[in-house]
Amino acid sequence: MKINVDNATIEIPNFDRDEFKCSCCNFNNIKDNFLWKLQLARTEAQTVFRINSGSRCEKHNKEEGGKKTSDHLTGEGVDIEALTSAIRWKIVTAALNAGIRRIGIAKTFIHLGDNWNNPQNVMWVY
Ligand SMILES: [Zn+2]
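Right, let's walk through the structure included here. Note that this is a predicted model, so its numbers are computed, not measured. (Residues numbered from 1 in each chain as written. Predicted model: local features only at pLDDT ≥ 70, side-chain atom pairs only at ≥ 80, totals over all residues. Heavy atoms only, no water.)

Topic: the sheet that holds strand S4 (residues 77-81)
Part 1: Pairing is mixed in the open sheet, where five strands are placed in the order S3-S4-S6-S5-S7. Edge positions in the sheet fall to strand S3 (51-53) and strand S7 (122-125), since each of these pairs with one other strand and no more. Adjacent strand axes in the sheet meet at a mean angle of 25°, parallel and antiparallel pairs treated alike.
Part 2: Looking at chain direction, strand S5 (residues 102-105) and strand S6 (residues 109-113) are connected through four bridges and run antiparallel. (Pairing = 2+ DSSP bridges. Helix = DSSP H or I, 4+ residues; strand = E, 2+ residues; numbered from the N terminus. Axes fitted to C-alpha atoms, helices over the stretch in contact; angles between N-to-C directions.)

Listed below in structure tokens is the structure:
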């Protein structure tokens, strides 16, 4: 898919915009700057990034127990499936190298966030 970053059109090979739509209503405000970082991470990690959750409407975010300031609401958060310690390591190290500064570690997924209105350089568990 094509994205626009700093007035340049860039082709990112490993994602499709539809992967990031809200699962209840197809709302999709995923940010191109964030997609660029995700692609950098994906290229380094060389493992599939299965998007469990991307953009969320207010209603769906509430249903998921997301915070009012959730990265998912602004199109700057994703949950990526990660089922093994090795995959978790690959995704987290590649995300850090791509400049992602908000990371949540769950048993079955990793949250990556790029909303600069939220705290930076944080890593939490669920
Ligand atoms: Zn929705």
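Overview of the pattern of salt bridges
Part 1: Counted by the stated rule, this structure contains seven salt bridges.
Part 2: With its nearest N and O atoms 3.4 Å apart, the salt bridge here joins Glu11 to Lys2.
Part 3: For Asp71, the salt bridge is made with Arg102, and the minimal N-O distance between the two is 3.0 Å. Taken as a pair, Asp71 in the loop between helix H2 (58-63) and S4 and Arg102 in strand S5 lie far apart in primary sequence, 31 residues in all. Each of the two residues, Asp71 as well as Arg102, counts as buried. (Salt bridge = Lys/Arg side-chain N within 4 Å of Asp/Glu carboxyl O. Buried < 20%, exposed > 50% of the residue type's maximum accessible area, 1.4 Å probe, protein only.)

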